[in-house]
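Here is what each chain is made of, one letter per residue.
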Amino acid sequence: MTSSVDDAESMNLDDLLAAGKTFFAAEEFDDAVNAMDIYCQRVSAQFGEMSLKAGEGMYWFGKSLLAQIRENDEATGIFGEALAEQVSGPTNASSAGAASAHNDEKDKAGANETEETAPNPSEEDNDAGRDEDAESIGSDEGDESDAAYCWQILDLARVIFEKEKSTECAECIDIHEWLGDLSMIDSNFEVAITEYGKALASEEARINREEGSDNSRLKTLHSLMAVCHRFLHQYSDAIQHHQANITLYKGSQAKTKEEQADNEAILTELEEQIADLIESMKKEKAETAALRNSLEQTLMAVSAVQKGDNNNSSSGVGEGGDSKGKEKEKEKARATEDDDNAQSGKK
């Protein structure tokens with residue numbers, strides 16, 4: 001298998017796809033992105049942008065883009081910070097450990113798939129006559145951010161898989177989780193909750209259908225959703241996801257003493273996080289009550305001042321009225337006196 005993408009244009013589609021997966025498994029994400037970009041352009045030109053082949057290409061293209069984004073120190077820091085800030089200490093096993101497993105799973109998930117038998121190099125891909133001017137999935141997006149472009153690619157892949165397979169297919173579950181990761185990187189926790197929630201619902205449905213299925217992904221998704229809810233100060237929702245994880249871990253059958261010890265440590269951490277969330281709820285409730293009380297007192301003081309001003313104004317109007325009335329009476333008395341004097345003069 002080639003170790004570069006220099007001759008990608010001359011490779012048939014199957015070999016190009018296999019090369020991209022191999023690059024991904026080797027964590028050579030730049031090469032994986034380049035290979036899958038070329039693959040998407042060629043396959044969309046030959047089979048159409050909404051074909052299942054294009055969907056598979058976009059799935060791997062988006063997956064590689066996401067790994068590349070994570071590999072970037074700044075993006076990795078944002079994603080890790082969103083998780084690490086929610087744990088009580090560096091030894092946290094339920095969130096930090098789940099986050100580490102989450103990232104490892106994403107970066108190495110392609111390893112098993114690339115162990116399949118390599119395609120025959122002599123097979124023809126029948127794409128020699130493709131239109132070079134065809135609009136491609138992997139075109140340059142200019143100023144658009146890598147995360148936004150990755151979102152576009154993955155979301156289009158999701159649409160294709162939902163149409164060609166089902167909304168609960170394995171690829172759609174992957175994509176919803178990855179879209180949640182992208183939202184987490186952008187600190188868009190509301191959208192992350194929506195995407196993780198869709199992945200969680202589909203994964204639960206899959207486990208219910210397939211008895212004995214591994215539930216490690218459910219644990220990771222619950223941990224990620226708890227983190228998002230906590231960032232949004234939705235403490236009761238975060239507690240629900242931690243409680244769901246407690247149920248999952250208690251129901252897990254440890255195969256070794258070491259695994260059993262790990263599960264017990266995680267359960268302890270989950271209980272501590274729930275206690276911490278409860279304290280946060282109480283603190284926020286107390287702060288809200290104090291703020292409400294302060295506002296009520298301020299409003300009462302303002303109302304009292306306004307009432308006093310109104311009373312003073314009314315009092316001023318009354319005094320002015322009385323003064324005018326007295327003046328009129330005096331004028332009337334003077335007029336009467338003048339009339340009397342006039343009458344006396346005539347006599």
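Quick note: structure is the one above.
Attention here is on the structure that accompanies the text. (Residues numbered from 1 in each chain as written. Predicted model: local features only at pLDDT ≥ 70, side-chain atom pairs only at ≥ 80, totals over all residues. Heavy atoms only, no water.)

Considering the overall build of the protein
And then number 1: Scanning the protein for helices and strands turns up eleven helices and zero strands.
And then number 2: The order of helices and strands in the protein, counted from the N terminus, is α-α-α-α-α-α-α-α-α-α-α.
And then number 3: Looking at the 347 residues of the protein, the share that counts as buried comes to 39%.
And then number 4: Of the contacts formed within the protein by residues at least 6 apart in sequence, a portion of 70% connects residues at least 24 apart.
And then number 5: On the protein, roughly 19,700 Å² of surface is accessible, and the fraction owed to carbon and sulfur atoms is 47%. (Helix = DSSP H or I, 4+ residues; strand = E, 2+ residues; numbered from the N terminus. Buried < 20%, exposed > 50% of the residue type's maximum accessible area, 1.4 Å probe, protein only. Contact = heavy atoms within 4.5 Å. Areas by Shrake-Rupley, 256 points an atom, 1.4 Å probe, with all protein chains shown as cover.)

Comments concerning the pattern of salt bridges
Opposite charge on two side chains permits them to pair, given that their charged atoms come into close proximity.
And then number 1: Taken as a whole and assessed by the stated rule, the structure comprises twelve salt bridges.
And then number 2: With a shortest N-O distance of 2.8 Å, Glu 171 and Lys 165 are connected by a salt bridge.
And then number 3: In this structure, the salt-bridge partner of Glu 177 is Arg 217, at a minimum N-O distance of 2.7 Å. Of this pair, Glu 177 sits in helix 7 (residues 170-185) while Arg 217 sits in helix 9 (residues 216-231); the two residues are 40 residues apart in sequence, bridging distant segments of the chain. Arg 217 shares its class with Glu 177; the two are buried.
And then number 4: Counted as one network, the salt bridges with shared partners bring together Asp 155, Arg 158 and Glu 162. (Salt bridge = Lys/Arg side-chain N within 4 Å of Asp/Glu carboxyl O.)

Describing the packing of aromatic side chains
And then number 1: Scanning the model with the defined rule gives seven aromatic pairs in all.
And then number 2: Relative to Phe 161, the ring of Tyr 59 lies with its centre 6.0 Å away and its plane at 85 degrees, an arrangement referred to as edge-to-face. Within this pair, whereas Tyr 59 is found in helix 3 (residues 52-71), its partner Phe 161 is found in helix 6 (residues 146-164), the two being separated by 102 residues in sequence. For the pair Tyr 59 and Phe 161, a shared accessibility class is recorded, and that class is buried.
And then number 3: Seen from their ring centres, Tyr 59 and Trp 178 are 5.1 Å apart, and the 45 degrees between their planes marks the pair as tilted. Of the two residues, Tyr 59 is situated in helix 3 and Trp 178 in helix 7; the sequence distance between them amounts to 119 residues.
And then number 4: One aromatic cluster is present, formed by Phe 24, Phe 29, Tyr 59, Trp 60, Phe 161 and Trp 178 through successive ring pairs.
And then number 5: Looking at Lys 219, its charged tip hangs above the ring of Tyr 249, at a distance of 4.2 Å from the centre. (Phe/Tyr/Trp six-rings, centres within 6.5 Å; stacked < 30°, edge-to-face > 60°. Lys NZ or Arg CZ within 6 Å of the ring centre and 35° of its normal.)

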